[in-house]
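Close look at the chain arrangement
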Amino acid sequence: QTSVKSWPFSLPSTGFGKLSIVRIPRTDSTISLGFRIVGGIASHQGDLPIVIKSISSRSLASRSTLRPGDHVVGCNGASLINISHDSAAQLIKNTRGDVKLTVLTWPHAETKPRRVTRHRSLDNLNVPASQSDCN
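Throughout what follows, the structure given in this document is the object of discussion.

What counts, and where the lines are drawn
Residues numbered from 1 in each chain as written. Predicted model: local features only at pLDDT ≥ 70, side-chain atom pairs only at ≥ 80, totals over all residues. Heavy atoms only, no water. Helix = DSSP H or I, 4+ residues; strand = E, 2+ residues; numbered from the N terminus. Buried < 20%, exposed > 50% of the residue type's maximum accessible area, 1.4 Å probe, protein only. Contact = heavy atoms within 4.5 Å. Core = buried A, V, L, I, M, F, W, Y, C linked by side-chain atoms within 4.5 Å. Salt bridge = Lys/Arg side-chain N within 4 Å of Asp/Glu carboxyl O. Polar contact = N/O pair within 3.5 Å; in protein donor to acceptor, adjacent residues only side chain to side chain. Pairing = 2+ DSSP bridges.

1. Brief notes about unusual backbone geometry
Positive phi values are uncommon outside glycine, yet A42 reaches one of about 60°. Checked against the element boundaries, A42 lands in strand β4 (residues 35-43).

2. Here we look at the environment of V103
Looking at the element boundaries, V103 is found in strand β8 (residues 99-105). Looking at V103, the relative accessible area reads 0%, which means it is buried. Along the chain, V103 and K18 lie 85 residues apart, while their C-alpha atoms are 8.0 Å from each other. In this view, V103 contacts K18, L19, S20, V22, L66, D70, H71 and V72; residues no more than four positions away in its chain are not counted.

3. A closer look at the nonpolar core
Counting 21 residues, the largest nonpolar core has I24, F35, I37, L66, I92 and L101 as its most contacted members. Elements that contribute at least two residues to this core include exactly β3 (18-24), β4, β5 (46-55), β6 (71-75), α1 (85-93) and β8. The contacts of I24, once residues within four sequence positions are left out, are L33, F35, L60, A61, S64, L66, D98, V99 and L101.

4. Re the pattern of salt bridges
Tallied over the entire structure, the rule returns one salt bridge. Put simply, R23 and D98 hold a salt bridge, and the shortest N to O gap is 2.5 Å. You can see R23 sitting in strand β3 and its partner D98 sitting in the loop between α1 and β8, a full 75 residues away along the chain. In this structure R23 comes out as partly exposed when scored by relative accessible area, which is 48%.

5. Examining the side chain of T95
For T95, the location among the structural elements is in the loop between α1 and β8. Accessibility expressed as a relative area gives 8% for T95, which makes it buried. A polar side-chain atom of T95 sits 2.9 Å from the main-chain carbonyl oxygen of L91. The residues contacting T95, other than those within four sequence positions of it, are R26, S29, C75 and N76.

6. Examining the pairing of β6
For β6, the tally of buried residues reaches five of five residues, placing the bulk of the element in the interior. Bridging between β6 and β8 involves four bridges; their strand directions are antiparallel. Opposite H71, over in β8, you have L104 as the bridge partner. Direction of pairing for β6 relative to strand β7 (residues 78-79): antiparallel, over a ladder of two bridges. Its bridge partner being in β7, C75 is matched across the sheet by A78. Linkage of β6 to β7, two consecutive antiparallel strands, is achieved through a turn of two residues, within which N76 is found at a positive phi near 50°.

What is shown is where atoms sit, not what they do.
Encoded structure:
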C-alpha cells in the first residue's frame, strides 16, 4: 500500500483522502495565485501540515479545483512535508510559470459548498507568520 508521509504519521493515498495534482496556469509570476495557507513545522499551533485556508474570488486559484481545507504536500515536484510555513510560502510564491500543487483532499471537503473569500492584499497588513498569501 502506497502512503504519503505526513505529520507525524503516514496516510494511505487511497481510502481516507484523494491525492491529486492541481494545476494553476500562470504566465506572469508577479500575478498573485490568490490563496492563503496555514500550518507548517514549528507553527504557533505546533507541527501541522500546510493547508489551504482561503481562496480569493476571481483569482487564478479560484479557477482551479483547489479548495479550502486541502492539504498541500508538494509544489512542482518539491515536497512541502516537514517544512516551515515560511519555506512553503516562499517555495510556492517563487515558482515560475504554471504552479502544480500536489494536494490531499478529504472526502468531506468535496461535499461541502465551496468557500471563496475576498481579502485585501497582505502588503498593507500585519499578519502572523503562520498565515500567508501565496502570490
